[in-house]
Amino acid sequence: MAKTDRQNIPSPIGENSPRIDAREKVTGAAIYADDIQFGNSLLHARIKRSPHPHALIKKIDTSKASSLPGVKAIVTGEDFPGYIGLYLRDRYIFCRDRVRYVGDPVAGVAAISEEIAEKALELIEVEYEVLEPVLDPEFGASPKAPLLHPDLGQYAVVNFIFPQPGTNISNHFKIRKGDVDNAWGKCAAIIERKYRIPHIQHVPIEPHVATAKVDETGEITLWVSSQSPFAQRNLIAESMGISHSKMRVIAPYVGGGFGSKAGVSMEALVVAIATKVKGHPVKLLLTREEEFYTAFVRQGLIAYFKMGCDENGRLLAMENKFYWDGGAYTEYGVNVTRASGYSSSGPYEVPNVRTDSHCVYTNHPVSGPMRGFGMPEMHAGLEQCIDELAHQIGMDAVEFRKLNCLKTGSTLVTGSKMHATGLPDCIKKTAEAIGWGTKAPPSAPNKRRGKGLALMWKAPAMPPNAGSSAWVELAEDGTVNVGVGGQELGQGVFTVMAQIAAGTLGVPYESVRIATPVDTRYSPYEWQTVASRLTWSMGNAVSNAAKDAKRQILDTVAEAWEETPEDLDIVNGVVISYKSEKEIPLKSLAVYGLPKPDDQGWRGGPVVGRGKFMPAYVTGLDPETGQGERAVVHYTTGAQAVELEVDLDTGRIEIIKGVSTFDVGKAINPEMVKAQMEGGFVQGMSSALFESLQLKDGFVRNPSFVDYRIATSADTPRDLQAYIVEVPQDDGPWGARGIGEHSMVPTIPAIANAIYDAVGVRLEGPPFTAEKVYLAMLDAGIVK
Amino acid sequence: MAFHKINVTINNELDQLIVPSNMTLMHMLRESLALTGTKNGCSAGECGACTVLLNGEPVNSCMVLAVECDGAKIVTVEGLAGKKQLDPIQEAIVQEGGVQCGFCTPGILISSHALLKRNPNPSEDEIREALVGNLCRCTGYVRIIESVKVAARMQSVTD
């Protein structure tokens, strides 16, 4: 090998490496949880669900169902008395005394076929005493509302969530910064608005599926489509009172998650059923209908904003009140409430802020995390108010944002300082790409054209000490196996981890594979695949593991060559010395080590590098003021803009062009970063134009793809542009921070602002369907 | 429940199967033959994840009864590739990043492959129309549409 320049070592970091999972996925070889073959001992589970939004269970009679041939087990809440929950343990696996939403699990059946299990459900008799439901979060938070969780004060809860016993408020997060009341008098313009953001659903194309087996020793195995194998092991083991070592979760590829497969939703049900039929794997596959209202939903939001600026357009004050419709239980809703509270200023520097963010129990489906974790819902209103305030003070909306947006060192709403950020650059690039300030003529006389822009920020919302770990192991031929506990949901994390391992260790990207499927028995610990945190957190763990492996290898070679490790390196899978210019390929020492001279034994041996990462610097926030030193690990920021046309005859909106720019710190794989921006834009667009779970008296009226429409290939904008800004994160691998969720955060307000620009109307909330837009234009006298 | 004996050619191999009257083609592929590349997204003919070729035409296999396939030729995602190389649409999707979670991908591949068979040079509108029954929640379709264009170009080179 020619002498290698230390400065010029080839690296896959920043390269568009092809997806590591692509070939498997295009040939049908990729295995998902429902593809695993269990043979003839497999039983099928179905769930008896509450037909009432709120009722007491008076009696459950399973005798007729039990005697149906082919039924192997029936379980009810009586069998499993333990509470379960991620932040607030507020539910049973199966309801015991009370049902709180339509779909709440009351009993479970395992049978030799789905048909028999389904028939058994019809034979289970449940007597209810129907109670008044809570169907609106603002009403639910009031003293007039019936109490849905009388035992709220007794539930176990983490120390950063504040339930209000005796009410339906499961968390109340407050910001008290500066002097808001005094600031209004100094404002030259003030805007006050109310928005209503409907419930939507994640709609992964793969429905939830889980298969559980309990063996004769009581050891439980769960094969599951999961974003959270370790959290599921933890929560289910604790709820059922078993050791973590007796609970094993195996999680193959996930066919789309978007948050819905995080935490525990239906997985505990099938584990509970399986305990009654030892030796049999039991599968629960949700129907698409169940997917829409018994898996998690994105919670609804009623949001009040008041904001004011001085005559120069500088933001002086904000007062925000959020009522989150957390639903019947709050696996994640309480933390969405917290995240929206500590981010409630939006990506702006505002000296005076008062925020009250409430998570409210209602008799609606259970709120889970969904891509953006409260940020798309909150920004939907906030970023429209910013536009309106700019107009009122007579400023261009982009100039207003440039003036007020967070810059490096700005004071945040929680009192801490903003880390290095490229948000101003994101605004500039986005405005340029959309042609801000110019107006193209509409494509037809009955159409109006408009442009809109919106900003966003979002931090990973997680416990302060969410950890990652990884190992890096070499095979005989010098190829590399990387163990991780984070999940490939489609976001591309396995590819990025392979790039990071290859880049750190000094091997070709193609020689790295990821040890799949994730299996809690063998895979290293990972908190959960959520919060857009893996590239950053698990990336650090993988990088640390690769460094450890590299150190072991170089120590061995240094000893053999009688050199110092500092003079050695690994380049393209070959250990080289910058000093002596010796070289040896990894395959010559990876497993068997190196012989000592004259047949005097061996040195080195199998290489397993280990690494971990856990942020150690996150501090708490004062429960009364929401102020603290460092509430979160970092914020990803960005901007989106759209150009659209409104059809005056129908109200139909066509998105002509979409532009996204995000500061990702460092794009480990730029094309995959752009793919996240595109996919997120279209999911955001879909939520803006089409999606709403139509809840009537607690019932979801549109639980199918026919009645709940998501964006199709026909709806996608023909011009969708994505730009990357890279202002490095101080503790990210190569400076990287996350991008998965952020790309759908500003889409709703960007579209709303463009609709206003086109026809001068604003709606209380999405979806901006043709019908709603047309009626709003009719009301405003724009059409007759 | 009545059972039926059917002869069916799947991915160029002739099989004889005994299927119950109510079994769908999707279940036959996934459960009886463990051809799990064909995905079950809704069991209602709405998402397109279970799309296969039935006598050359793309169909939602959850909406076809297995017994209807007596004498038919079926192609699933497992049968798209040749012995040595991928089908152009598979190659293009890998190259263009038209796959993320991969769950809709088999259906997308089959629908695109069928489009390119009947129309080797589809316009953007024709591509969008051909894929409108295949829901994807990850990609925003941009790179999928691009992949079909690239596959059309690859095909015209090899033809």
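Fair warning: this is a prediction, and the values are worked out from it, not measured in the lab.

Nonpolar side chains in soluble globular proteins generally cluster together in the buried interior. Residues and elements named next belong to chain A. Judged by nonpolar contacts, the single largest core of 304 residues is most densely connected at V482, M497, A501, V542, I751 and I755. Tallying contributions element by element places helix 14 (residues 534–561) first for this core, with twelve residues. Filtering out sequence-adjacent residues up to four positions away, V542 remains in contact with A470, V482, V484, M497, I500, A501 and G611.

Now for the domain arrangement of chain A. All names here are of chain A. Segmenting chain A into domains produces domain 1 (22–30 + 466–613), domain 2 (33–131 + 207–254 + 261–293) and domain 3 (300–462 + 620–779). Taking only C-alpha atoms, the centre of domain 1 and the centre of domain 3 are 39 Å apart. The partner domain 3 presents 20 residues to the 17 residues of domain 1 that form the contact. Elements with a contribution of two residues or more to the side of domain 1 that touches domain 3: helix 13 (493–505) and helix 14. Among the elements that line the side of domain 1 that touches domain 3, the one with the most residues is helix 14, at five residues. Of the residues in the side of domain 1 that touches domain 3, the class split is seven nonpolar, nine polar and one charged.

What follows is about helix 10 (residues 375–393) of chain A. Over its 19 residues, helix 10 of chain A extends 26 Å from the first C-alpha to the last, a length consistent with the 27 Å expected when each residue adds 1.5 Å. Directly after helix 10 of chain A, the chain includes G394(A), whose backbone phi takes a positive value near 80°.

Let us now look at the sheet that holds strand 25 (residues 583–585) of chain A. All names here are of chain A. If you trace the three strands from one edge of the open sheet to the other, you get 23-24-25, paired in antiparallel fashion. Only two strands of the sheet have a single partner each, and these edge strands are strand 23 (568–571) and strand 25. Sheet twist, expressed as the average angle between the axes of neighbouring strands with direction ignored, equals 20°. Lying over the sheet, helix 14 contacts strand 23, strand 24 (574–577) and strand 25, oriented at roughly 125° with respect to strand 23.

With that out of the way, let us pick up the environment of Q16(B). Residue and element names in this part refer to chain B. Positionally, Q16 belongs in strand 2 (residues 13–20). Here Q16 falls in the exposed class, since 8 other C-beta atoms lie within 10 Å of it. For the pair Q16 and D70, spaced 54 residues apart in the sequence, the C-alpha separation amounts to 9.2 Å. In this structure, Q16 is in contact with K5 and N7, ignoring residues within four places of it in sequence.

A word on the domain arrangement of chain B. Residues and elements named next belong to chain B. Domain parsing of chain B yields domain 1 (3–79) and domain 2 (88–158). For domain 1 and domain 2, the distance between their C-alpha centroids amounts to 22 Å. At the junction of the two partners, domain 1 supplies 14 residues and domain 2 supplies eleven residues. Broken down by secondary-structure element, the contributors of at least two residues to the side of domain 1 that touches domain 2 are strand 3 (51–54) and strand 4 (57–60). Considering every element that reaches the side of domain 1 that touches domain 2, the biggest residue donor is strand 3, with three residues.

Size of an interface, as often reported, equals the accessible area lost when the parts are brought together. Chain B puts 43 residues into the contact, and the matching count from chain A is 45 residues. Sorting the residues of the side of chain B that touches chain A by element identifies helix 2 (88–96), helix 3 (105–118), helix 4 (124–130) and helix 5 (142–158) of chain B as the ones contributing at least two each. A breakdown of the residues in the side of chain B that touches chain A according to their chemical character gives 24 nonpolar, 13 polar and six charged.

Here we come to the pairing of strand 3 of chain B. Residues and elements named next belong to chain B. Bridge count for strand 3 against strand 4 is four bridges, and the pairing is antiparallel. Bridge assignment links V52 to a residue of strand 4, and that residue is V59. Connecting the antiparallel pair strand 3 and strand 4 is a turn made up of two residues, with N55 showing a positive phi of about 50°. Sheet analysis places strand 3 next to strand 5 (residues 73–75), joined by two bridges and oriented antiparallel. When the sheet's bridge partners are listed, L53 is paired in strand 5 with V75.

Counting all residues, the mean pLDDT for chain B is 97, and 99% of those residues have values of 70 or more. Model confidence for the complex is summarised by a pTM of 0.97, with the ipTM given as 0.98.

The rules behind these values
- Numbering of residues begins from 1 in every chain and follows the order in which that chain's sequence is written.
- The naming scheme follows written order: chains are lettered A onward, ligands numbered 1 onward.
- Totals for whole chains, interfaces and linings use every residue, but because this is a predicted model, local features are given only for residues with pLDDT of at least 70 and side-chain atom pairs only at 80 or more, for both listing and counting.
- We define the nonpolar core as any set of buried residues of the types Ala, Val, Leu, Ile, Met, Phe, Trp, Tyr and Cys, connected via C-beta atoms lying within 7 Å of each other.
- Put plainly, a residue is buried at 20 or more neighbouring C-beta atoms within 10 Å of its own, exposed at 12 or fewer, and partly exposed in between, counting only other residues' C-beta atoms, which are placed from the backbone.
- Where helices and strands are cited, they refer to DSSP runs of H or I of at least four residues and of E of at least two residues respectively, numbered from the N terminus.
- A residue pair is marked as a contact if its C-beta atoms, positioned from the backbone, fall within 7 Å.
- Domain limits in this description derive from either an automatic procedure or a database domain assignment.
- Classes in brief: Ala, Val, Leu, Ile, Met, Phe, Trp, Tyr, Cys and Pro nonpolar; Asp, Glu, Lys and Arg charged; the others, Gly included, polar.
- Multiply 1.5 Å by the residue count of a helix minus one, and that product is the helix's expected span.
- Think of it this way: DSSP has to see at least two bridges between two strands before they count as a pair.
- Helix axes are fitted only over the stretch in contact, all axes being lines through C-alpha atoms; the angle between N-to-C directions runs from 0 to 180 degrees.
- pLDDT is defined as a per-residue confidence score from the predictor, taking values between 0 and 100.

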